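Breakdown of the fold
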Amino acid sequence: MSEVLQRQHGEALYQALLQGRTLEPLTARWPEITIEDAYRISLYSIERRVAAGDAIVGKKIGVTSEAVQRMLNVHQPDFGFITREMWFDDGAQVSLSANRLIQPRAEGEIAFKLKHDLVGPGVTEQDVLDATECVMPCFEIVDSRIHDWKIRIQDTVADNASCGVFVIGHEARDPRELDLPNLRMQVFKNGEKISEGLGSAVQGNPLTAVAWLANTLGAFGIPFKAGEIILSGSLVPLEPARAGDEFSLTIDGLGSARVSFCA
């Protein structure tokens, strides 16, 4: 795909974000699109956000668990950037309209905060552990500018890994004190338990997922930077979020997070 066409698709996705509307899948309109094409498209959209006053605060990996892969019919992880305007504190009420959320779904994750840079390829799980300041409970509210979530891997990568917003819990722990694969998460919606999962749902270990992301982005010349937040992927299935809903999660030994939604 030519650079001109990549920029055209990137602009279309950026405008869809601003206007709160969806597009037909890129893979339907341009079947030969590659993952590298998709990544270049997402970079252009992120550049547009930054030029409008936003700032990159970290990176994310998504579609890491079998449950989410089955739900979306996407069978490999996606990757993208998270920004300052996507970030909400624990207990926040998120306005669907003000934050231009179209078809949001909530998922529970473990977020990493880095104290050192990490540059792939060649990053290992131990490297991730050594570079991590703390881990925190997190809700990511994914959203798609692709109609009815009819995505293939190229669609979600182009759409910045279907990023919406994210909510970081206020508790933080040193990951060296935790058995990350065996951390148990429970998720509640409007007071009722809807799902649970273990850290091992994320590629066997959240450290493995973060190392994969560092190496994948490193191949594109993109480093992890000290101070950045890295979202490591959902431990549970996605759940639609609508105005009036309230979600909470607990992670044994790590803490909790809560988010509610209004129109």
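These figures come from a predicted structure and were not determined experimentally.

Let's shift gears to the overall build of the protein chain. Secondary structure assignment for the protein chain yields seven helices and 13 strands. For 263 residues, the compact-globule estimate of 2.2 N^0.38 gives 18 Å, and the C-alpha radius of gyration of the protein chain, at 17 Å, lies within 12% of that figure. Principal-axis analysis of the C-alpha atoms places the extent of the protein chain at approximately 50 × 45 × 35 Å. The buried share among the 263 residues of the protein chain stands at 56%. Taken as two groups, the 25 positive and 36 negative side-chain charges of the protein chain have centres that lie 4 Å from each other.

The next thing to look at is the environment of Val142. Along the chain, Val142 falls in strand β6 (residues 132-142). Judged by its relative accessible area of 4%, Val142 falls in the buried class.

Below, the discussion takes up the environment of Val123. Residue placement: Val123 occurs in the loop between β5 (105-114) and α5 (125-131). Each C-alpha atom of the pair Val123 and Gly218 lies 9.2 Å from the other, and the pair is 95 residues apart in sequence. Residues contacting Val123, with those up to four places away along its chain left out, are Leu118, Val128, Ala211, Ala214 and Asn215.

For the bond running from Gly120 to Pro121, omega is 5°, close enough to zero to count as cis. Residue Arg100 is not a glycine yet carries a positive backbone phi of 55°. Mapped onto the elements of the fold, Arg100 is located in the loop between β4 (93-95) and β5. For Arg100, a relative accessible area of 30% translates into the label partly exposed. The phi dihedral of Trp149 falls on the positive side, at around 55°, and the residue is not glycine. Positionally, Trp149 belongs in the loop between β6 and α6 (153-158).

Turning to the packing of aromatic side chains, a few remarks are in order. Across all of its chains, the model carries eight aromatic pairs by this definition. Where Tyr39 meets Phe79, the ring centres are 5.6 Å apart and the plane angle is 45°; that geometry is what we call tilted. Of this pair, Tyr39 sits in helix α3 (residues 35-51) while Phe79 is found in strand β2 (residues 78-83), placing the two residues 40 residues apart along the sequence. Linked through ring pairs, Tyr39, Phe79, Phe81, Trp212 and Phe220 together constitute an aromatic cluster.

In terms of burial, strand β1 (residues 56-62) is largely enclosed, as six of its seven residues are buried. Examined bridge by bridge, β1 and β2 share six bridges and lie antiparallel to one another. Across the sheet, Ile61 pairs through a bridge with Phe79, a residue of β2. Direction of pairing for β1 relative to strand β10 (residues 229-234): parallel, over a ladder of three bridges. Directly across from Lys60, in β10, lies its bridge partner Leu231.

Calculation criteria
- Residues numbered from 1 in each chain as written.
- Predicted model: local features only at pLDDT ≥ 70, side-chain atom pairs only at ≥ 80, totals over all residues.
- Heavy atoms only, no water.
- Helix = DSSP H or I, 4+ residues; strand = E, 2+ residues; numbered from the N terminus.
- Rg over C-alpha atoms; globule rule 2.2 N^0.38 Å.
- Buried < 20%, exposed > 50% of the residue type's maximum accessible area, 1.4 Å probe, protein only.
- Lys, Arg positive; Asp, Glu negative; His and termini not counted.
- Charge placed at Lys NZ, Arg CZ, Asp CG, Glu CD.
- Contact = heavy atoms within 4.5 Å.
- Phe/Tyr/Trp six-rings, centres within 6.5 Å; stacked < 30°, edge-to-face > 60°.
- Pairing = 2+ DSSP bridges.

So far we have only geometry, and geometry alone does not tell us how the molecule works.
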